[in-house]
Amino acid sequence: MVLTASARDYINRILQDISGMKVLILDSQTVGIVSVVYSQSELLQKEVFLVELVDSISKSKESMSHLKAIYFLRPTSENIQLLRRQLASPRFGEYHLFFSNILKDTQIHLLADSDEQEIVLQVQVAVYVRIEFYADFVAIDPYHFTLHVPSHYIYMLPAVIDPSTVQRFCDRVVDSLAAVFLALKRRPVIRYQRTSDIAKRIAQEAAKLMYQEESGLFDFRRMEVAPLLLVIDRRDDPVTPLLNQWTYQAMVHELIGIQDNKVDLKSIGKIPKDQEEIVLSSEQDSFFKANMYENFGDIGMNIKRMVDEFQQVSKSSQNIQTIEDMAKFVDNYPEYRKMHGNVTKHVTLVTEMSKIVEERKLMSVSQTEQELACNGGQGAAFEAVTNLLNNESISDVDRLRLVMLYALRYEKDSPVQLMQLFNKLASRSAKYKPGLVQFLLKQAGVDKRTGDLYGNRDLMNIARNMARGLKGVENVYTQHQPLLFQIMESIVKGRLRDVDYPFVGNHFQQARPQDVIIFIVGGTTYEESRSVALQNASNSGIRFLLGGSSVLNSKRFLKDLKEAQRVARSSSSV
């Protein structure tokens, strides 16, 4: 149940069955789907000499009849219309059309009507042929996928505010969940978070698609225990996306940003042209794979070790004295170049992150964040947050996150002190948007949440926290565990409460599932994907996959929050 392998296999099958020089035509969504599992050099090996976006290729009139066009698109009405126009004025010698999900009959007929010159050789769709290409998700890691859903903030708002945008959001999520299970050749039992209307809606629409509308597609060989799809809401754990991160992958995304396993470094100053955009993929980079979940201190030591190894290789390459030495160096040169690029990449990343940590005083900020997220003590927390708000070195966004974390923890315990922090934040931070913290509480406050976010409701969680307090923690900067960890633990132990996470329809599970897909409406974090990877490595007998509508860092989470607040205000003033 590894999604990167599944997506890669689909792309392989698309490319290898068509010989000769090819152009690969993608849309804004499938370009991410392909790029995370296939490198440019691998595309060249498959004789793909050109990669274009479907909307930009429409603007060109140049004939390329020597190339075979392979389209890999989401089956949207916009893409179908673009295809119809391009088929009406063909530029390529052959057209091979592939879609990442179920194509409707009406869309097939529209395409057939467009093919006036009989250019199309094959339209591979699930309804008509045996080979399906269900890769309607971005498999960023073996156990982690995302969707990049547009208008992402909409999950925070009641459906009545913008019904059509909410429907498009739900349709996109349901389509992609269907593709995930079609790729895995499974039909799941579905559960959802009781307190989330949008999680319930997505779960019910997914069940309707899999058990009624397209039941034939999902009629796979019965397993003893069906896999579980659990749909939950980001707002049940608003703490995790607000925290600074101190493990490698999560930290890069928080401080610099990762998009489809690529990091844009153009803004950080003078760096070589070939390092302006770098790839961070566990499938393509062995050092990153070994270190992506390690903490920042260990990363520094491991990079030092890698630099030392490279220096040894570099010295030996300079000691060329014979023809045999020269031939050996030429044979090893590609590996030498790759090693040089890898060393430069990771040294650049860690150097830049160290600079940001120092500039923003993130060691001090993060220590208080972790105390707010993991430990009690309201008086000490108020004093620590107040001191940081008064510190001129702390950035506006870090002040905002600290007040949000305090508000989420102590909204019921200290309303007077909370108001003092609101006023202090407004006076210290010019960019602070009035009411944003209050809007967060309205969205994700204690009355809205299902899970035991702070481990102070459930007796077992209280006991665990007491034991951890007595024993101490290894690293104060990484002591936080996301709510997802508790949910996975409950599933492993068979203790996920039906009253909090009800089943859809009359499909129940008597035994513990072997495969579980947890989908977070509102987006995942790399801290959560690390929890999933560590849980899978523990050999509990259950394999977890994590998916979400986007991959969040604090910047993206705050952006969604601000946009939802803006739309909510404008709708209430109408």
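The name that an unreviewed UniProt entry assigns to the protein is Vacuolar protein sorting 45, with the source organism given as Flemingia macrophylla. For the protein, the Sequence similarities (unreviewed entry) comment in UniProt is given as "Belongs to the STXBP/unc-18/SEC1 family." The Subcellular location (unreviewed entry) field of the UniProt record for the protein holds the comment "Endomembrane system".

Participant: Quick question: what am I supposed to make of helix α8 (residues 197-213) here?
Facilitator: An α-helix turns once every 3.6 residues. As a result, residues three or four positions apart point the same way. The first and last C-alpha atoms of α8 sit 22 Å apart over 17 residues, in line with the 24 Å expected at 1.5 Å per residue. Of all the residues in α8, the buried ones are I198, A199, I202, A203, A206, A207, L209 and M210. Those residues of α8 that are buried are in contact with α7 (163-184), β8 (189-192), β9 (228-233) and β12 (515-521).

Participant: Looking at this model, I keep getting lost on the packing of helix α14 (residues 378-390) against helix α16 (residues 415-428). Mind explaining?
Facilitator: Helix packing for two helices is described by the angle between their axes and how far apart those axes are. Viewed as axis vectors pointing N to C, α14 and α16 meet at an angle of 10°, and their least axial separation amounts to 10 Å. The orientation of α14 with respect to α16, classified from their angle, is roughly parallel. Of the residues in α16, those touching α14 at Q378, F382, V385, T386, L389 and N390 are Q417, Q420, L421, K424, L425 and R428. Counted by class, the contact of α14 with α16 contains five nonpolar, five polar and two charged residues.

Participant: Help me understand helix α9 (residues 248-255) in this model?
Facilitator: Among the eight residues of α9, eight are classified as buried, and the element is accordingly described as predominantly covered. Within α9, burial applies to Y248, Q249, A250, M251, V252, H253, E254 and L255. Immediately downstream of α9, the backbone of G257 shows phi near 115°, a positive value.

Participant: Got a minute to help me understand the nonpolar core in this structure?
Facilitator: Here is a general trend for soluble globular proteins: nonpolar side chains tend to be buried in one another's company. The biggest cluster of nonpolar side chains holds 156 residues, and the ones touching the most others in it are F137, I202, Y248, I491 and I518. Tallying contributions element by element places α7 first for this core, with 13 residues. With residues up to four places along the chain from it excluded, the contact list for I491 reads L228, L230, L496, R512, P513, V516, I518, I542 and F544. In this structure, I57, Y71, Y95 and F99 belong to the second largest nonpolar core, which totals 19 residues.

Participant: Could you clarify how one ought to interpret a nonpolar patch on the surface in this entry?
Facilitator: Residues M21, L44 and F49 make up a contiguous nonpolar surface patch of roughly 300 Å² in combined accessible area. Summarising the element assignment, F49 is placed in strand β2 (residues 48-53).

Participant: Looking at this model, I keep getting lost on the sheet that holds β12. Mind explaining?
Facilitator: The strands making up a sheet associate through backbone hydrogen bonding, with each pair oriented either parallel or antiparallel. Pairing is mixed across the open sheet formed by six strands, whose spatial order is β6-β7-β13-β12-β9-β8. Edge positions in the sheet fall to β6 (138-141) and β8, since each of these pairs with one other strand and no more. Neighbour-to-neighbour, the strand axes of the sheet open up by a mean angle of 25°, direction not taken into account. Inspection of the sheet shows β12 paired to strand β13 (residues 543-548) by six bridges, in the parallel sense. Residue pairing for β13: V516 is matched across the bridge by F544. Sheet strands in contact with helix α1 (residues 3-16) are β6, β7 (144-146) and β13, and its direction is about 135° off that of β6.

Participant: Got a minute to help me understand unusual backbone geometry in this structure?
Facilitator: Most peptide bonds take the trans configuration, and most residues that are not glycine carry a negative phi. At D260, a position not held by glycine, the phi torsion is positive, near 50°. Residue position: D260 is located in the loop between α9 and β10 (262-264). On the accessibility criterion, D260 (14% relative accessible area) is buried. At N261, a position not held by glycine, the phi torsion is positive, near 65°. Here N261 shows up in the loop between α9 and β10. What makes N261 buried here is its relative accessible area of 2%.

Participant: Even after reading the chapter, I still don't get the pairing of β6, so can you show me in this structure?
Facilitator: Every other side chain in a regular strand lies on the same face of the sheet, so the side chains alternate between the two faces. Bridging between β6 and β7 involves three bridges; their strand directions are antiparallel. Residue pairing across strands places V138 opposite T146, the latter belonging to β7. The turn joining β6 and β7, which pair antiparallel and follow one another in sequence, is formed by two residues.

Participant: Where do I start with the packing of aromatic side chains in this structure?
Facilitator: What characterises a pair of aromatic rings is the spacing of the ring centres plus the angle enclosed by the ring planes. Scanning the entire structure with this criterion turns up nine aromatic pairs. Among the aromatic side chains, those forming a connected cluster through ring pairs are Y71, F92 and Y95. Across from the ring centre of Y211, 4.8 Å away, lies the NZ or CZ of R187, which sits over that ring.

Participant: Quick question: what am I supposed to make of the side chain of S554 here?
Facilitator: One can find S554 in helix α21 (residues 554-572). Sequence-distant contacts of S554, that is, excluding residues within four places in its chain, are made with P241, L242, E254 and R401.

Participant: Hey, could you run me through the confidence of the model for the protein in this one?
Facilitator: Predicted coordinates in areas of low pLDDT are best not read in detail. Confidence in the prediction for the protein averages 86 pLDDT; 88% of positions are at 70 or higher. This stretch, residues 123-131, has a pLDDT under 50; its non-local contacts, to residues over four places away or in other chains, come to 21 contacts. A low-confidence stretch, residues 466-473 stays under pLDDT 50, and its non-local contacts, those more than four residues away or across chains, total five contacts.

Calculation rules
- Residues numbered from 1 in each chain as written.
- Predicted model: local features only at pLDDT ≥ 70, side-chain atom pairs only at ≥ 80, totals over all residues.
- Heavy atoms only, no water.
- UniProt positions renumbered as here; feature names shortened; annotations may be inferred.
- Helix = DSSP H or I, 4+ residues; strand = E, 2+ residues; numbered from the N terminus.
- Expected span 1.5 Å × (residues − 1).
- Buried < 20%, exposed > 50% of the residue type's maximum accessible area, 1.4 Å probe, protein only.
- Contact = heavy atoms within 4.5 Å.
- Axes fitted to C-alpha atoms, helices over the stretch in contact; angles between N-to-C directions.
- Parallel < 35°, antiparallel > 145°, perpendicular 65-115°, else oblique.
- Nonpolar A, V, L, I, M, F, W, Y, C, P; charged D, E, K, R; others polar.
- Core = buried A, V, L, I, M, F, W, Y, C linked by side-chain atoms within 4.5 Å.
- Patch = residues over 30% accessible without salt bridge, like charges linked within 9 Å, V, L, I, M, F, W, Y side chains within 5 Å.
- Areas by Shrake-Rupley, 256 points an atom, 1.4 Å probe, with all protein chains shown as cover.
- Salt bridge = Lys/Arg side-chain N within 4 Å of Asp/Glu carboxyl O.
- Pairing = 2+ DSSP bridges.
- Phe/Tyr/Trp six-rings, centres within 6.5 Å; stacked < 30°, edge-to-face > 60°.
- Lys NZ or Arg CZ within 6 Å of the ring centre and 35° of its normal.
- pLDDT = per-residue confidence, 0-100.

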